[in-house]
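What follows is each chain in one-letter form.
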Amino acid sequence: MISAAFDYARPQSLDEAVSALAGGGEEAKVLAGGQSLLPILRLRLAFPDLLVDVGRVPELRGVREEAGTLVIGAMTSHHDVIRDPLVRRYAGLLAAAAETVADPAVRHRGTLGGSLAHADPAGDLPAVALALDAELVAAGPQGRRTIPAREFFTDYLQTALLPGELLVEVRVPKMENWGFHYEKFHRVAQSWAVVGVATAVRRDDGRIAEARIGLTNMGPAPVRAGACESALAGAAAEPGAVARAAESAAEGTRPASDLSGSPEYREHLARVLTRRAVLAAAGVE
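The following paragraphs examine the structure supplied in this document. Everything numeric in this text was worked out from a predicted model, so none of it was measured.

### Comments concerning the pairing of strand E2 (residues 28-31)
When a strand is regular, its side chains alternate between the sheet's two faces.
Point 1. The pairing of E2 with strand E3 (residues 50-53) spans four bridges and is classified as parallel. Opposite Ala28, over in E3, you have Leu50 as the bridge partner.
Point 2. After leaving E2, the chain enters helix H2 (residues 37-42) and then returns to the sheet as E3, a path that is right-handed.

### Some thoughts on the nonpolar core
Point 1. Formed by 42 residues in total, the largest nonpolar core has its most connected members in Val87, Leu94, Leu116 and Phe153.
Point 2. Non-local contacts of Leu94, meaning those with residues more than four positions away in its chain, are made with Ile72, Val81, Val87, Leu112, Leu125, Val128 and Leu132.
Point 3. In terms of nonpolar packing, the next biggest core, distinct from the first, is built from 26 residues, Ala245, Ala250, Leu279 and Ala281 among them.

### A few points about helix H8 (residues 124-131)
Point 1. Within H8, eight of the eight residues are buried, leaving the element largely enclosed by the surrounding structure.
Point 2. Looking only at H8, the buried set comprises Asp124, Leu125, Pro126, Ala127, Val128, Ala129, Leu130 and Ala131.
Point 3. Just downstream of H8, Asp133 is the residue with a positive phi angle, here 55 degrees.

### A look at helix H11 (residues 239-246)
Point 1. Among the residues making up H11, those that are buried are Ala241, Val242, Ala245 and Ala246. Mapping the buried residues of H11 onto a view down its axis gives an arc of 135 degrees, with all of them on the same face.
Point 2. Summarising the contacts, the buried residues of H11 are in contact with strand E13 (207-216), helix H10 (226-232) and helix H12 (263-281).

### Some details on the side chain of Arg171
Point 1. Examined against the element boundaries, Arg171 turns out to sit in strand E10 (residues 166-173).
Point 2. Its relative accessible area of 18% is what places Arg171 among the buried residues.
Point 3. Of note is the side chain of Arg171, whose polar atom sits 2.8 Å from the side chain of Glu66.
Point 4. A distance of 3.2 Å separates the side chain of Arg171 from the side chain of Glu169, its partner in a polar contact.
Point 5. Contacts of Arg171, omitting those with residues within four sequence positions, involve Glu66, Thr69, Leu70, Val71, Ala134, Glu135 and Val137.

### So, a negative patch on the surface
Point 1. On the surface, Asp7, Glu26, Glu27 and Asp49 cluster together into a negatively charged patch.
Point 2. The class of Glu26 is exposed, set by a relative accessible area of 67%.

### Here we look at the sheet that holds strand E5 (residues 69-73)
Point 1. Pairing is antiparallel across the open sheet formed by five strands, whose spatial order is E4-E5-E10-E6-E7. Of all the strands in the sheet, the pair left with one neighbour each is strand E4 (63-66) and strand E7 (143-148). The mean inter-strand angle of the sheet, taken between neighbouring strand axes irrespective of direction, is 25 degrees.
Point 2. Note: E5 against E10, five bridges, orientation antiparallel. In the strand pairing of E10, Ile72 is matched with Val170.

### Digging into the packing of H11 against H12
Point 1. Closest axis-to-axis distance for the H11/H12 pair is 9 Å, and the angle between their directions is 145 degrees. H12 is crossed by H11, and the crossing has right-handed handedness. Taking contact as the criterion, the partners of Pro239, Val242, Ala243 and Ala246 in H11 are, on H12, Arg271, Thr274, Arg275, Val278 and Leu279.
Point 2. Of the residues that constitute the contact of H11 with H12, the class distribution is six nonpolar, one polar and two charged.

### Describing the packing of aromatic side chains
Point 1. Evaluated as defined, the whole model comprises one aromatic pair.
Point 2. Relative to Phe153, the ring of Phe152 has its centre 5.1 Å away and its plane inclined at 85 degrees; by these criteria the two rings are edge-to-face. A single burial state applies to Phe152 and to Phe153, both of which are buried.
Point 3. Just above the ring of Tyr90 sits the side chain of Lys174; from NZ or CZ to the centre is 4.5 Å.

The rules behind these values
- Positions within a chain are numbered from 1, following the residues in the order the chain's sequence is written.
- Local features are withheld for residues below a pLDDT of 70 in this predicted model, meaning they are given only at 70 or higher, and side-chain atom pairs are given and counted only at 80 or more; totals for whole chains, interfaces and linings count all residues.
- Calculation of side-chain values draws on the structure's entire complement of heavy atoms; hydrogens and water are dropped beforehand.
- Two strands are counted as paired when DSSP detects at least two bridges linking them.
- Only runs of H or I of at least four residues qualify as helices and only runs of E of at least two qualify as strands under DSSP, and these elements are numbered from the N terminus.
- Handedness of a crossover is defined as follows: orient the strands so they point away from the viewer, and if the path from the first strand over the helix to the second runs clockwise, the crossover is right-handed.
- Each nonpolar core is a collection of buried residues, namely Ala, Val, Leu, Ile, Met, Phe, Trp, Tyr and Cys, held together in the definition by side-chain atoms within 4.5 Å.
- Type-normalised accessible area, obtained with a 1.4 Å probe on protein chains alone, sets the label of each residue: buried when under 20%, exposed when over 50%, and partly exposed for intermediate values.
- Residue contacts are defined here by distance: any two heavy atoms, one from each residue, within 4.5 Å place the two residues in contact.
- Note: the arc covers the axis-to-C-beta directions of the helix.
- Here a polar contact means two N or O atoms within 3.5 Å. Within protein one must be a hydrogen donor candidate and the other an acceptor candidate, and residues neighboring in sequence count only if both atoms are side-chain atoms.
- Patches were defined on residues exceeding 30% relative accessible area and lacking a salt bridge, with like-charge contacts within 9 Å and nonpolar side-chain contacts (Val, Leu, Ile, Met, Phe, Trp, Tyr) within 5 Å.
- A 1.4 Å probe and the Shrake-Rupley method give the accessible areas. Residues count as covered only by the protein chains that appear here.
- Any carboxyl oxygen of Asp or Glu that lies within 4 Å of a side-chain nitrogen of Lys or Arg is treated as forming a salt bridge with it.
- Working convention for charge: Lys and Arg count positive, Asp and Glu count negative, and His plus the chain ends are omitted.
- For charged residues, the charge sits on one atom: NZ in Lys, CZ in Arg, CG in Asp, CD in Glu.
- Orientation is described by axes fitted as lines to C-alpha atoms, over the contacting stretch for helices, and by angles from 0 to 180 degrees between their N-to-C directions.
- Helix crossings get a hand from a simple test, with the near helix turned counterclockwise from the far one by less than a right angle marking a left-handed crossing and a clockwise turn marking a right-handed one.
- Each residue is assigned to one class: nonpolar for Ala, Val, Leu, Ile, Met, Phe, Trp, Tyr, Cys and Pro, charged for Asp, Glu, Lys and Arg, and polar for all the others, Gly among them.
- Here the aromatic set is Phe, Tyr and Trp, taking the six-membered ring for Trp, and pairing holds for ring centres within 6.5 Å; pairs whose planes are under 30 degrees apart are stacked, those over 60 apart are edge-to-face, and all others are tilted.
- Throughout this description, the term charge over a ring refers to an Arg CZ or Lys NZ atom that lies within 6 Å of the ring centre and within 35 degrees of the ring normal.

As structure tokens, then:
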């Protein structure tokens, strides 16, 4: 199918982009890498009056350090996230999960900010942002504001971004000396996750001092496995203790029922994948 007609703007700076988006009203859409938006437009599931293409805004790309934080531009592609040495050193979980996104063509065009702003609960990177305690910075007509990842994803394909706001950067606390793993179950290569588990673990003297676990496709928005995190805090870094804690991984979730599986099946997967992910992140054989 062919998309409905819309106006098109291609700003050259962040200020121009914010101005164009604000001027377009509630029916304006941002075009980043286009890997999520273009199929929706072709299927006529969205009818924007204005498309603001931010592909030529240099301020939205790249990775830099600020004290104990990594700052990643929203237009940084998955491919560049994977290859960036700062990301691999301080936010390895993000690089590992980005490597599982779709295929090389999508990873070269798709962007970190686009994935997060699209907020698909089956997408890999929103759950990672939760597990990393990331902060997302939005720019709008009233200036900039910072939104914790735990408050950013509000419902299915919905975020805390206001009309006229643009996601400009993602701020991730540096996590040296943490183990990490992204465990994903999908039925065929390059497909959406039936369930995914993003895990970061900090060990201390043979025990798990802290665990952060984000769940993919276990509700209308990505969620933290809070009960499991609490059960792991102070637990021995050994298979039995991890398995017992992983039994609580699905507590508080609301998985959907669809052709990929029932809620009960997804809850089972969450427990199994969490056990595997935590063991891998903790370096336990």
